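Here's the letter readout for the chains.
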Amino acid sequence: MQLKLNKIIFKIPSEKKKERLFYLSRNKKFKNLRKQLKKPLGFILVSEYPKSLKHILSIINIFKYTSLISVGDFITLSLLEMGIKPNLAIIDGKVMRQNFNCEEIKKHFKNLFEINNPQGTILKEAYDTIITALKNDNSLLVVNGEEDLLTLLAILESKENSLILYGIPNLGVCFVFNTRNKKLYIKKLYSKGILENV
């Protein structure tokens, strides 16, 4: 752990063996799983930015959530612009596959975690880091690679009654209110992509 500019920066050592816990290959075995993962995990607010901001705020205020988690750069920045700071934000420096300057987002968080996680996978280091980040309020997880599948881990490992928000490109924002049943559903999905030899 290293202190820098009043922020705690956690850097996971990259020398560790990269263990894949979850992998989406393009073979037939995972074709059905890919289809399932493209379906929204909660309900969607279909609205264009900036009109969507007031709707997002209204919907968030309806829920009695224990913690708020955002996955994605644009939704995280939008929340921060409204004065709402997620307990955990997961970003990858990209919006719709285009590079995105996330320095403005980093300024808002005390705990900064940085990890590698390639597209279509969930590495063990990502899994372990999300568990640690969830224990430390006011956390930002910056992913070198892709953060999309980490939504599964956010749902799986966060407490019940957490609210998880993630963006769906060209559609809107998905709201997932975490319940026991939601966790069981995600656990089933997740188990379909776990590698047998890990």
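Now for a quick tour of the structure. These numbers were taken from a predicted model, which means no experiment stands behind them.

Before going further, it helps to examine the layout of surface pockets. What the largest pocket holds in volume is close to 1,400 Å³. Around the largest pocket, the lining is made up of 42 residues, and of these D148, Y166, G167, I168 and P169 lie nearest the centre. When contributions to the lining of the largest pocket are tallied by element, the ones reaching two or more residues are helix 1 (31–38), helix 2 (52–62), helix 3 (73–81), strand 7 (94–95), helix 6 (150–157), strand 12 (163–168) and strand 13 (172–177). Residue contributions to the lining of the largest pocket peak at 4 residues, all from helix 3. Among the residues forming the lining of the largest pocket, the class breakdown is 20 nonpolar, 10 polar and 12 charged. Counted as a void, the second largest pocket has a volume near 260 Å³. Along the walls of the second largest pocket sit 16 residues, with S67, L134, K135, S158 and K159 positioned nearest its centre. Broken down by secondary-structure element, the contributors of at least two residues to the lining of the second largest pocket are strand 5 (68–71) and helix 5 (124–135). Take the lining of the second largest pocket: its biggest share by element is 4 residues, from helix 5.

Scanning all chains against the criterion turns up 3 salt bridges. A salt bridge links K106 to E103, with the nearest nitrogen and oxygen atoms 3.4 Å apart. Of the two residues, K106 and E103 are both situated in helix 4 (residues 103–106); the distance of 3 residues between them amounts to about one turn of the helix. In this structure, K124 engages D128 in a salt bridge whose closest nitrogen and oxygen atoms are separated by 2.8 Å. Of this pair, K124 and D128 both sit in helix 5, separated by 4 residues, roughly a single helical turn. According to the relative accessible area criterion, D128 is partly exposed, its value standing at 31%.

Scoring rules and cut-offs
- Residues numbered from 1 in each chain as written.
- Predicted model: local features only at pLDDT ≥ 70, side-chain atom pairs only at ≥ 80, totals over all residues.
- Heavy atoms only, no water.
- 1 Å grid on protein atoms, 1.4 Å probe; cavity = no way out; pocket = protein on both sides within 12 Å on 5 of 7 lines; lining within 4 Å.
- Points joined across faces, edges and corners; volume = space filled by probe spheres on them.
- Helix = DSSP H or I, 4+ residues; strand = E, 2+ residues; numbered from the N terminus.
- Nonpolar A, V, L, I, M, F, W, Y, C, P; charged D, E, K, R; others polar.
- Salt bridge = Lys/Arg side-chain N within 4 Å of Asp/Glu carboxyl O.
- Buried < 20%, exposed > 50% of the residue type's maximum accessible area, 1.4 Å probe, protein only.

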